[in-house]
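Commentary on secondary and tertiary structure
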Amino acid sequence: QVQLVESGGGLVQPGGSLRLSCVASGSIYDINTMGWYRQAPGKEREYVAQAFRNGDTNYADPVKGRFTISRDSAKNTVYLQMHGLKPEDMAVYYCYVVLRISAWQSAHGYWGQGTQVTVSP
């Protein structure tokens, strides 16, 4: 059993900042990638950013230069630091982690429950 618990969402004014966190726990053997997606009302879930085990990171174009993803492998935690928030960033943000629960099983992706980010004056 694997659990992903997100935190850090909330209400922020345009131009403000928030830091999201996601902790993975449970039967984890190792973690490949940790990332974030978001879903705005009436829209499909979209990719935001990803942090790879080797330290590389990747970002969607709309957030490049404003968002920073980082991970603490010792704590099985991924963070998303968001600066310069815009109304179009408002969405439910989901943590997505690809991991193995044992050495002899292939990696699978797991979703968190989501945390709301609201950007409004």
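Look a little higher up for the structure.
Residues numbered from 1 in each chain as written. Predicted model: local features only at pLDDT ≥ 70, side-chain atom pairs only at ≥ 80, totals over all residues. Heavy atoms only, no water.

Here's the deal with the overall build of the protein
Counting its secondary structure elements, the protein contains 0 helices and 11 strands. Mapped in sequence order, the helices and strands of the protein form the string β-β-β-β-β-β-β-β-β-β-β. Over its C-alpha atoms the protein spans a radius of gyration of 14 Å, differing by no more than 12% from the 14 Å that the globule rule assigns to 121 residues. Once the C-alpha set of the protein is aligned to its principal axes, its extents read approximately 50 × 25 × 25 Å. Counting only residues that meet the buried cut, the protein has 40% of its 121 residues in that class. (Helix = DSSP H or I, 4+ residues; strand = E, 2+ residues; numbered from the N terminus. Rg over C-alpha atoms; globule rule 2.2 N^0.38 Å. Buried < 20%, exposed > 50% of the residue type's maximum accessible area, 1.4 Å probe, protein only.)

Here's the deal with the pattern of salt bridges
Inspection of every chain in the model, using the stated rule, returns 6 salt bridges. Among the ionic pairs, D30 bridges to R100, the shortest N-O distance being 2.6 Å. Taken together, the residues span a long stretch of sequence, with D30 in strand β4 (residues 30-39) and R100 in strand β9 (residues 91-100) at a distance of 70 residues. Given a relative accessible area of 16%, D30 falls into the buried group. The partly exposed category is assigned to R100, whose relative accessible area is 23%. (Salt bridge = Lys/Arg side-chain N within 4 Å of Asp/Glu carboxyl O.)

Structural notes on the pairing of strand β3 (residues 18-26)
For a regular strand, side-chain orientation follows a simple rule: the groups alternate between the two sheet faces. Sheet topology note: the strand β1 (residues 2-7)/β3 ladder contains 6 bridges and is antiparallel. The partner of E6 across the bridge, within β3, is C22. Where β3 meets strand β8 (residues 77-82), 6 bridges bridge the pair, whose relative direction is antiparallel. Residue pairing across strands places S21 opposite Y79, the latter belonging to β8. (Pairing = 2+ DSSP bridges.)

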